[in-house]
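Fold and contact review
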Amino acid sequence: MGDRDGIFAGNDPFAIARQWLDTAIETEPNDANAIALATVDATGLPNVRMVLLKEIEPEAFVFYTNYESQKAQEIAQSSKAAFVLHWKSLARQIRVRGLVTREDGPIADEYYKSRSLKSRLGAWASRQSQPLSSRAALMAEVAKVTLQKGADPGRPPFWGGFRIVPLEIEFWSDGAYRLHDRFRWSRETTDRPWEITRLSP
C-alpha cells in the first residue's frame with residue numbers, strides 16, 4: 001500500500017507493535033504496556049479490564065494472570081479475546097482480536113521468577129476475582145503464604161500466561177480534524193497471510 005509509510009511502515013505487524021510500544025515507554029507517564037482486555041462470559045455479555053502486556057513475541061501477545069480469575073474462565077470457554085493499547089501521549093492505539101492459548105511452561109516459570117518476591121507471594125495468596133471479606137484477611141493470607149513458601153516460591157499451578165495470536169490487528173494514529181490514519185491487518189486463520197487495508201477514520 002503506497003501511503004503506508006512513516007510509523008505504519010513495515011511488513012511485520014508485531015515489529016510495528018514493538019516499535020510503537022518502545023516509543024510509548026519513553027513518553028507515557030505510567031504503564032505504557034497496559035492493555036484493556038476484553039472477554040465474554042457464557043451468556044455473551046462482555047467484560048473488560050486493564051492488565052499488563054508482558055511480551056510481544058514474533059507471532060503473539062502475552063500476558064499473565066490467575067487461571068481461576070473471571071477473565072481466565074471466560075477465555076477458557078471461548079479461546080478468544082480482544083484488547084486495545086492506547087497511548088494518550090502519542091495519540092495512538094493498537095487494537096487486537098484473536099485466539100488464545102495458555103503459556104504455562106518454562107516461559108511462564110521464567111517470567112514468574114523475574115517478579116519481585118512480594119508479587120510472587122501475592123500470586124499465591126490472592127484468590128483472584130473471588131469474594132474477599134476484608135483487606136486484613138488478604139494481608140493475613142499473604143503473611144501465611146510467606147511463612148509457608150519462603151524466599152523462593154515456585155510458580156503456583158493456578159497462575160500463568162495467556163498467548164493471544166491475532167486474526168486482526170489495527171494500528172490507529174490521531175489525525176487533524178479527526179481524519180485519523182487507520183490500517184487493519186487481517187487474516188481468516190492464523191496460518192494465512194495478512195491482508196492490509198486502510199480504513200476510513
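Please refer to the structure placed before this passage.
The model shown is predicted, which means the values in this text are computed figures rather than measured ones. (Residues numbered from 1 in each chain as written. Predicted model: local features only at pLDDT ≥ 70, side-chain atom pairs only at ≥ 80, totals over all residues. Heavy atoms only, no water.)

**Considering the nonpolar core**
Core analysis: the largest hydrophobic core is formed by 32 residues, its most contacted members being F61, F83, W87, I94, I164, I169 and F171. Broken down by element, this core gets its largest block of residues, six residues, from helix α1 (residues 13–27). If we ignore the near neighbours within four places in the chain, the residues touching I164 are L37, A60, F61, F63, A81, F83, V96, G98, L99 and V100. In this structure, V62, L121, A123 and A125 belong to the second largest nonpolar core, which totals 12 residues. (Core = buried A, V, L, I, M, F, W, Y, C linked by side-chain atoms within 4.5 Å. Buried < 20%, exposed > 50% of the residue type's maximum accessible area, 1.4 Å probe, protein only. Helix = DSSP H or I, 4+ residues; strand = E, 2+ residues; numbered from the N terminus. Contact = heavy atoms within 4.5 Å.)

**Overview of the pairing of strand β4 (residues 80–87)**
Burial of the side chains of β4 is restricted to one face: A81, F83, L85 and W87 are buried, whereas none of K80, A82, V84 and H86 on the reverse face is. Inspection of the sheet shows β4 paired to strand β5 (residues 92–103) by eight bridges, in the antiparallel sense. Residue pairing in the sheet places K80 in a bridge with L99 of β5. Hairpin connection of β4 to β5: four residues between the antiparallel strands, including A91 at a positive phi of 55°. (Pairing = 2+ DSSP bridges.)

**What about the pairing of strand β2 (residues 46–56)?**
Where strand β1 (residues 34–40) lies against β2, seven bridges are found, and the strand directions are antiparallel. Across the sheet, residue V40 finds its bridge partner in β2, namely P46. Connecting β1 to the next strand, β2, in antiparallel fashion are five residues, including G44 with a positive phi near 90°. Sheet topology note: the β2/strand β3 (residues 61–66) ladder contains three bridges and is antiparallel. Each bridged residue has a counterpart across the sheet, and for E55 the counterpart in β3 is V62.

**Considerations on the packing of aromatic side chains**
Applying the stated criterion across every chain, the model contains 13 aromatic pairs. Plain terms: the ring middles of W185 and W194 are 6.3 Å apart, the flat faces sit at 80° to each other, and that makes the pair edge-to-face. Judged by its relative accessible area of 2%, W185 is buried. Grouping aromatic residues by their ring pairs yields a cluster made of F8, W20, F171 and F183. In this structure, K149 is placed above the aromatic ring of W124, and the distance from its NZ or CZ to the ring centre is 3.8 Å. (Phe/Tyr/Trp six-rings, centres within 6.5 Å; stacked < 30°, edge-to-face > 60°. Lys NZ or Arg CZ within 6 Å of the ring centre and 35° of its normal.)

**Quick look at the environment of L167**
Along the chain, L167 turns up in strand β6 (residues 159–173). In this structure, the C-alpha to C-alpha distance between L167 and L99, residues 68 residues apart in sequence, is 7.3 Å. Ignoring any residue separated from it by four or fewer positions in sequence, one finds L167 in contact with R97, G98, L99, W185, S186, R187, E188, T189, T190 and W194.

**Some remarks on the packing of helix α4 (residues 117–125) against helix α5 (residues 135–149)**
At a minimum axis distance of 9 Å, the contact between α4 and α5 shows a crossing angle of 110°. By the criterion of interaxial angle, the relationship of α4 to α5 is roughly perpendicular. Regarding α4 and α5, the two cross each other, and that crossing is right-handed. Contacts between α4 and α5 involve L121, W124 and A125 from the former and L138, E141, V142, V145, T146 and K149 from the latter. A per-class count over the contact of α4 with α5 returns six nonpolar, one polar and two charged. (Axes fitted to C-alpha atoms, helices over the stretch in contact; angles between N-to-C directions. Parallel < 35°, antiparallel > 145°, perpendicular 65-115°, else oblique. Left-handed = near helix turned anticlockwise from the far one by under 90°. Nonpolar A, V, L, I, M, F, W, Y, C, P; charged D, E, K, R; others polar.)

**Section: the pattern of salt bridges**
Inspection of every chain in the model, using the stated rule, returns 12 salt bridges. D109 serves as the salt-bridge partner of R155, at 2.7 Å between the closest nitrogen and oxygen. Here D109 lies in helix α3 (residues 106–114) and R155 lies in the loop between α5 and β6, a separation of 46 residues in the sequence. Its relative accessible area of 33% is what places D109 among the partly exposed residues. Each member of the salt-bridge network shares a partner with another, and the members are D3, D181 and R198. (Salt bridge = Lys/Arg side-chain N within 4 Å of Asp/Glu carboxyl O.)

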